[in-house]
Amino acid sequence: WQKLTPNVYCYEYDPISWTGGLPCPTFLDMARSLKTLLLDMGVKGSYSDAGVLPAAWAGTSLNRYIPLRMKVDPSQKPEQVLRETCQVFFGPAAVPMEQHYLEMAKVTDTTHPGRGSIGIGTTYYHELFNPTQIARARAALDRGVKAARGQSPYQQRVAMVDLSQQYLEAYLGGVWAAQKKSYDQAVASFDRMDR
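Residues numbered from 1 in each chain as written. Predicted model: local features only at pLDDT ≥ 70, side-chain atom pairs only at ≥ 80, totals over all residues. Heavy atoms only, no water.

**Student:** Give me the packing of helix H1 (residues 27-40) against helix H2 (residues 61-72): which residues, what numbers.
**Tutor:** The geometry of H1 relative to H2 is characterised by a closest axis approach of 9 Å and an angle of 20° between their N-to-C directions. By the criterion of interaxial angle, the relationship of H1 to H2 is roughly parallel. Every pair of crossing elements has a handedness; the one defined by H1 and H2 is right-handed. In contact with Phe27, Met30, Ala31, Leu34, Lys35 and Leu38 of H1, H2 contributes Leu62, Asn63, Ile66, Pro67, Met70 and Lys71. Along the lines of polarity and charge, the residues of the contact of H1 with H2 split into nine nonpolar, one polar and two charged. (Axes fitted to C-alpha atoms, helices over the stretch in contact; angles between N-to-C directions. Helix = DSSP H or I, 4+ residues; strand = E, 2+ residues; numbered from the N terminus. Parallel < 35°, antiparallel > 145°, perpendicular 65-115°, else oblique. Left-handed = near helix turned anticlockwise from the far one by under 90°. Contact = heavy atoms within 4.5 Å. Nonpolar A, V, L, I, M, F, W, Y, C, P; charged D, E, K, R; others polar.)

**Student:** Now, about the environment of Gly20: what can you tell me, with residues and values included?
**Tutor:** Structurally, Gly20 is set in the loop between strand S1 (9-12) and H1. Classification of Gly20 as exposed rests on a relative accessible area of 52%. With 39 residues separating them along the chain, Gly20 and Gly59 place their C-alpha atoms 10.0 Å apart. (Buried < 20%, exposed > 50% of the residue type's maximum accessible area, 1.4 Å probe, protein only.)

**Student:** I'd love a proper account of helix H3 (residues 78-90), names of residues and values included.
**Tutor:** Between its terminal C-alpha atoms H3 stretches 18 Å, which fits the 18 Å expected from 13 residues at 1.5 Å a residue. Taken together, the buried positions of H3 are occupied by Pro78, Val81, Leu82, Thr85, Cys86 and Phe90. Seen from one end, H3 has its buried residues packed into an arc of 135°, which puts them on one side. Where H3 is buried, its residues contact H1, H2, helix H4 (94-104) and helix H6 (154-179). Of the residues trailing H3, Gly91 is marked for its positive phi of about 50°. (Expected span 1.5 Å × (residues − 1). Arc of directions from axis to C-beta.)

Structure, rendered in C-alpha cells:
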C-alpha cells in the first residue's frame, strides 16, 4: 500500500465495545501495535472505534490514554508509558498499580489448551482471564488501596479501579461457577456484580 500512496491510515476494531464496561486490558498490545505501524512501517495515523466510548470507564481508560501517548511519540516504550501514567495518576500507589495493570495485561499471553485462539464477544470474554491472574492482580490492587489510603486524589482514583476490578471479579466468579454447575454460587456472584 505504501508503494501506491504515502498516506496510509489504519482503523482499529477495538474489543472494548463488547465488554460492557468490564476491563479490556489490551492497552500494552495496542501500544506495541501502534509503535510498529507508526514508527516501523510509516503509517501516518490510526483511528479506533473505542474513541466513541466513555473515557471515564475505569476498566478501559488506559485503552484510550496509552495509545494517544504513543501517537504523539511512537518511539516510546509502552511499558514506560504505563509506568509514567501510574506515577502521575496514582502517586504513592504507583508501583502496586503498575503491577496490577501489568498482571491484567497478561490476557493476551493466556494459553488455551487445545486451541490456537479464543472467540470474540461477551460469550468468550471470561476466557481471557484465569483465576491465578485475577488473584495476582487483586493482590497488587489491594497494595495500591493501602498505599493510597488517606491521600486525595489518589485514594479516589485507586478506589475507581478497585470498583472496576470488583465488577470483573463478580462477573468472572458467576461465569466460572456456572461452568462448574454451581448455580447458587453463580447467582450470588451475578447479584454482587449487579450491586
